[in-house]
Amino acid sequence: MILVTGVTGALGGLVLGGLSAVDGLEVVAGTRSGDGTTARRIDFDDPATLAEGFKGVDVLVFISAGYAEDDVVLARHGAVTDAATAAGVRHVIYTSLAGSGDLMSIALPHRWTEARLAAAPFDVTILRNGLYSEIPAGFAMVGAESAAATGVFAAPLGDGRMSVVAKEDLADVAVRVAAETQRDLEADGRSRHAHKTYELEGVTAISGHDLAEVLTRALGRTVEYQTVSLYDTREALAGIGMESYQVTHAISMFSNANAGLLEAHDTDLTTLLPTEPRPVHDPIVKAVEAAAMATGRAPATKGR
Ligand SMILES: NC(=O)c1ccc[n+]([C@@H]2O[C@H](COP(=O)([O-])OP(=O)(O)OC[C@H]3O[C@@H](n4cnc5c(N)ncnc54)[C@H](OP(=O)(O)O)[C@@H]3O)[C@@H](O)[C@H]2O)c1
């Protein structure tokens, strides 16, 4: 039996949907809101739910739950590791962070979790997920209003480029790895993915200049990119009420972008997907066009 955690989330939902479509697999949903009928209650902050929820599970698809201070995330992920060990889970697949993010502050709980899982008695596969394409799309969407008014798209990316990936591709890889692992275990073997770490970096890297170009087309006026200092960005993020740990992680990501560290040069994505990775440019364009329309300043027909 395969259990997927965090199924109300975007990634967990896609993974559950993909696995449920595979013939002959027993797949169970795990979520903090589970009531034991359609989904099991799995709350990493409540270890009792894990002891009960992991019963009978062969393969655990462990979706990281990273929105909290590091001490909370470490406690959550440590509890999952301990409960999976106690329940006799045979194989854990963990959604981690890609190698290009090694110097980002969010890498710490991911690398700690990888090490904690590696020391456990079950087999492990680490899916080191690249940054989602929604991240640069979000920057451009937030900047659309001001770009429409001023012709400037401001973002704290320096001249760096950020490799991004479609979440659907990450889900497809997780589905493949989980399904093949369950089959291998049923055949009384060990998963072909045991103790593998896959770097699922995006194959497309996006810069601030690229986003200004997208805005230019969406708004029908020339938009130029200008970088913003990290100092001003930190003040602005704190000013809009963002939680302080989120400010820390956001600034760390922008520092890495400025340093040019978020552009990946190698990926396992292409070998694990059955087809080419999904293009990330088109969904970004669509999201930005919608934001541009909302400004009321987008031309009726855009020259694309
Ligand atoms: N690679 C990237 O660019 C990137 C970006 C953002 C986040 N991430 C990481 O990737 C994970 C999945 O991404 P996503 O897009 O699916 O995020 P999402 O839509 O925000 O979903 C995250 C899910 O985590 C689960 N969760 C939160 N706290 C939990 C807890 N205490 N115990 C158990 N589950 C908990 C929740 O699922 P339930 O409510 O169903 O329990 C939640 O829906 C995130 O949680 C984060 O760690 C990666």
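Residues numbered from 1 in each chain as written. Predicted model: local features only at pLDDT ≥ 70, side-chain atom pairs only at ≥ 80, totals over all residues. Heavy atoms only, no water.

### Thoughts on the overall build of the protein chain
Check the secondary structure of the protein chain and you find eleven helices and twelve strands. By the compact-globule yardstick of 19 Å for 304 residues, the protein chain fits well, its C-alpha radius of gyration being 21 Å. Seen along its three principal axes, the alpha-carbon backbone of the protein chain occupies a region of about 60 × 40 × 35 Å. Sequence-distant contacts in the protein chain: of pairs separated by 6 or more residues, those separated by 24 or more amount to 76%. Surface summary for the protein chain: the accessible area is close to 13,600 Å², and the carbon and sulfur share equals 53%. (Helix = DSSP H or I, 4+ residues; strand = E, 2+ residues; numbered from the N terminus. Rg over C-alpha atoms; globule rule 2.2 N^0.38 Å. Contact = heavy atoms within 4.5 Å. Areas by Shrake-Rupley, 256 points an atom, 1.4 Å probe, with all protein chains shown as cover.)

### Considering the packing of aromatic side chains
The relative placement of two aromatic rings is captured by the distance of their centres and the angle of their planes. Counted by the stated rule, this structure contains four aromatic pairs. A ring pair is formed by Phe139 and Phe254, whose centres lie 5.4 Å apart and whose planes are at 50°; its orientation type is tilted. With Phe139 in helix 5 (residues 134-150) and Phe254 in helix 9 (residues 244-258), this pair connects stretches of sequence that are 115 residues apart. Note on Phe139: relative accessible area 17%, which makes it buried. Since its relative accessible area comes to 6%, Phe254 is described here as buried. (Phe/Tyr/Trp six-rings, centres within 6.5 Å; stacked < 30°, edge-to-face > 60°. Buried < 20%, exposed > 50% of the residue type's maximum accessible area, 1.4 Å probe, protein only.)

### Re the nonpolar core
By size, the foremost hydrophobic cluster in this structure holds 40 residues, and its most contacted members are Phe139, Phe153, Leu157, Met162, Leu211 and Leu215. Contributions of two or more residues to this core are made by helix 5, strand 8 (152-155), strand 9 (161-165), helix 7 (208-219), helix 9 and helix 11 (281-294). Counting only domains with at least three residues in this core, you end up with domain 1 (2-130 + 167-200) and domain 2 (134-163 + 202-264 + 278-294). Leave out the neighbours within four places in its chain, and Phe139 touches Phe153, Leu157, Met162, Leu211, Met253 and Phe254. Judged by nonpolar contacts, the second largest core, of 30 residues, contains Val7, Val15, Ala171 and Ala174. (Core = buried A, V, L, I, M, F, W, Y, C linked by side-chain atoms within 4.5 Å. Domains from an automatic or database assignment.)

### Observations concerning helix 1 (residues 10-20)
Of the positions making up helix 1, those classed as buried are Leu11, Gly12, Val15, Leu16 and Leu19. For helix 1, the buried positions fall inside an angular range of 130° around the axis, keeping them on one side. (Arc of directions from axis to C-beta.)

### Some points on the domain arrangement of the protein chain
Looking at the assigned domains, one finds that the protein chain contains domain 1 (2-130 + 167-200) and domain 2 (134-163 + 202-264 + 278-294). Here domain 1 and domain 2 have C-alpha centroids that lie 30 Å from each other. Contacts between the two partners involve 15 residues from domain 1 and, on the opposite side, 13 residues from domain 2. Across the domain 1/domain 2 interface, buried area totals approximately 1,200 Å², and carbon plus sulfur atoms make up 48% of it. In this assembly, domain 1 and domain 2 are joined by three salt bridges. Note that Asp172 and Arg278 form a salt bridge whose closest N and O atoms lie 3.0 Å from each other. Where domain 1 meets domain 2, there are seven residue pairs in polar contact (both at pLDDT 80 or more). Looking at which element gives the most residues to the side of domain 1 that touches domain 2, the answer is helix 6 (residues 167-186), with four residues. Residue composition of the side of domain 1 that touches domain 2, by class: six nonpolar, three polar and six charged. (Buried area = accessible area lost by both parts, 1.4 Å probe. Salt bridge = Lys/Arg side-chain N within 4 Å of Asp/Glu carboxyl O. Polar contact = N/O pair within 3.5 Å; in protein donor to acceptor, adjacent residues only side chain to side chain. Nonpolar A, V, L, I, M, F, W, Y, C, P; charged D, E, K, R; others polar.)

### Notes on the pattern of salt bridges
Counted by the stated rule, this structure contains 19 salt bridges. For Asp43, the salt bridge identified is with Arg41, shortest N-O distance 3.9 Å. Its relative accessible area of 13% is what places Asp43 among the buried residues. Given a relative accessible area of 37%, Arg41 falls into the partly exposed group. When salt bridges that share partners are traced, they join Asp102, Arg111, Glu114, Arg128 and Glu199 into one network.

### Examining the site of the ligand
Around the ligand sit 23 residues in total, of which Thr8, Leu11, Thr31, Phe44 and Ser64 are the nearest. Thr31 is positioned with one of its side-chain polar atoms (N or O) 2.7 Å from an oxygen atom of the ligand. Within the backbone of Tyr132, a nitrogen or oxygen atom sits 2.9 Å from an oxygen atom of the ligand. Starting from 880 Å² of accessible surface for the ligand in isolation, the protein chains cover 84%. Within the residue set of the shell around the ligand, elements represented by two or more residues are helix 1 and strand 7 (131-132). Residues belonging to the shell around the ligand are distributed by class as follows: eleven nonpolar, seven polar and five charged. (Near = heavy atom within 4 Å.)

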